[in-house]
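Structural characterization, general
Here's the letter readout for the chains.
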Amino acid sequence: MEKVNPRKVFGKTIAKLGEMYPEIVVLDADLGSSTYTGEFKKRFPERYKDCGVSEQDMMGTAAGLAITGKKPYACTFAIFIGRAWEQIRQSIAYQGLDVKIIGTHGGFVGEDGKSHHGTEDVGIIRTLPMVCVVPSVEELEEVLYLTAEDKNPTYIRLFRQSDEMKIKPEIKIGKGFINGKGAWYIKPYRIKEGRDVTLVSNGRMLSKAFNLTKELGLYGIDAELISIPYVKPLDDELVIESLKKTGKLVTIEEHRKEGGLGEAVSSVVSEKYPVKTKGLYISGIIGSGKCSELYDFSGLSVPRMKEEIYRWLKD
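Since the structure is predicted, the reported quantities are computational estimates derived from the model, not experimental observations. (Residues numbered from 1 in each chain as written. Predicted model: local features only at pLDDT ≥ 70, side-chain atom pairs only at ≥ 80, totals over all residues. Heavy atoms only, no water.)

A look at the pattern of salt bridges
- Overall, the coordinates contain 20 salt bridges when judged by the stated rule.
- Note that lysine 100 and aspartate 98 form a salt bridge whose closest N and O atoms lie 2.9 Å from each other. Accessibility classification places lysine 100 together with aspartate 98 in one group, the buried group.
- A salt bridge links arginine 157 to aspartate 121, with the nearest nitrogen and oxygen atoms 3.0 Å apart. Taken as a pair, arginine 157 in strand β7 (residues 154-157) and aspartate 121 in helix α6 (residues 121-126) lie far apart in primary sequence, 36 residues in all. Residue arginine 157 shares its accessibility class with aspartate 121, and that shared class is buried. (Salt bridge = Lys/Arg side-chain N within 4 Å of Asp/Glu carboxyl O. Buried < 20%, exposed > 50% of the residue type's maximum accessible area, 1.4 Å probe, protein only. Helix = DSSP H or I, 4+ residues; strand = E, 2+ residues; numbered from the N terminus.)

Next comes the structure, spelled out in structure tokens:
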């Protein structure tokens, strides 16, 4: 699989959207070289603002701009989202303002270490009345175009680097509700059909889950794989349909158990169609190292996930 930088995809796409939507403005927190907002700044300097190392101020500024009719995209590292949680809650989410928050460097960031791993961001945002998205590379451009049309406060989690599956999904748009307003989202879709177990994933783990289905096949396990790019609002229709066939669910995510994809899916499944369920996620304190080493340490490398799922299915 080819390595792709989702931040570059974001940078190019937001610059294109800037041409189409004059109300779009971009805010950064002294991280423009890492969030790849430079192209937008170059083309629309009057619509770009570096707020410095002050995420709280950036979120308040984004809220003010949204009130005036602008569409702000506020960008920082996923780990720093927590620093501005109160401002996001009070000024953006509770007001239902049209602010898009971009959290780059989600999940493991490698040798930058435990201070910079973004492993709790989805959970702290998912508690708020906001749309929450964890797209893979295959979905990212479509997600950004959709957010340009949607009017809801939205968090989009990006990764430092990702693998591309080279599979172009058939994108279908659904409609849910946030803050009592309609919220557009990309519907879950099936990447691989199977009959023995349903794998559900998103973001950077999706490509690993795709490889995992091949490895499980060597054990005679026919795994179905579903992508769920929008954690909130959560469309459960395809997952329930799949579980009626397989009867077993495994959720795979680059996030802690608390507040993440696994909890979101499992809470719905437990009410609508309870099945045997397994979650694969980050736990404990993760230090520095190459991402490949951190995945293996956390049990999220393909070989370790394969063995864990094989043992679980045989129990």
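What about the pairing of strand β12 (residues 197-201)?
- In terms of residue burial, β12 counts as a mostly covered element, since five of its five residues are buried.
- Neither face of β12 is left uncovered, since the one carrying Val197, Leu199 and Ser201 and the one carrying Thr198 and Val200 both have all their residues buried.
- In this sheet, strand β13 (residues 223-227) lies alongside β12 in parallel orientation, the contact comprising five bridges. Bridging from a neighbouring strand, threonine 198 pairs with glutamate 224 of β13.
- In this view, the connection linking β12 to its parallel neighbour β13 by way of helix α8 (residues 205-217) has right-handed handedness.
- Relative to strand β15 (residues 248-256), β12 runs parallel, the two sharing four bridges. Paired with threonine 198 across the bridge in β15 is leucine 249. (Pairing = 2+ DSSP bridges. Right-handed = clockwise from strand over helix to strand, strands pointing away.)

So, helix α12 (residues 302-314)
- Given a rise of 1.5 Å per residue, 13 residues ought to cover 18 Å, and the 18 Å separating the end C-alpha atoms of α12 matches this to within 8%.
- Restricting attention to buried positions, one finds in α12 the residues Val302, Met305, Lys306, Ile309, Trp312 and Leu313. Along α12, the residues classed as buried sweep out an arc of 135° about the axis, all on the same side. More than 90 degrees from the buried face of α12, the exposed residues found are Pro303 and Lys314. (Expected span 1.5 Å × (residues − 1). Arc of directions from axis to C-beta.)

Describing the packing of helix α9 (residues 237-246) against helix α10 (residues 261-272)
- Where α9 meets α10, the axes come as close as 11 Å, and the angle between the chain directions of the two elements is 60°. Between α9 and α10, the angle falls in the class oblique. Considering how the two elements wind past one another, α9 and α10 form a crossing that is right-handed. Residues Val239, Ile240 and Leu243 of α9 form the contact with α10, whose participating residues are Val265, Val269 and Lys272.
- Partitioned by chemical class, the residues of the contact of α9 with α10 number five nonpolar, no polar and one charged. (Axes fitted to C-alpha atoms, helices over the stretch in contact; angles between N-to-C directions. Parallel < 35°, antiparallel > 145°, perpendicular 65-115°, else oblique. Left-handed = near helix turned anticlockwise from the far one by under 90°. Contact = heavy atoms within 4.5 Å. Nonpolar A, V, L, I, M, F, W, Y, C, P; charged D, E, K, R; others polar.)

Details of unusual backbone geometry
- Looking along the chain, the bond that leaves lysine 232 and enters proline 233 is cis, with omega of 0°.
- Tracing the backbone shows proline 233 in the loop between β14 (230-232) and α9.
- One non-glycine residue, tyrosine 36, adopts positive backbone phi at about 60°.
- With respect to the helices and strands, tyrosine 36 occurs in the loop between α2 (32-35) and α3 (38-43).
- What makes tyrosine 36 partly exposed here is its relative accessible area of 29%.

By themselves these figures say nothing about function.
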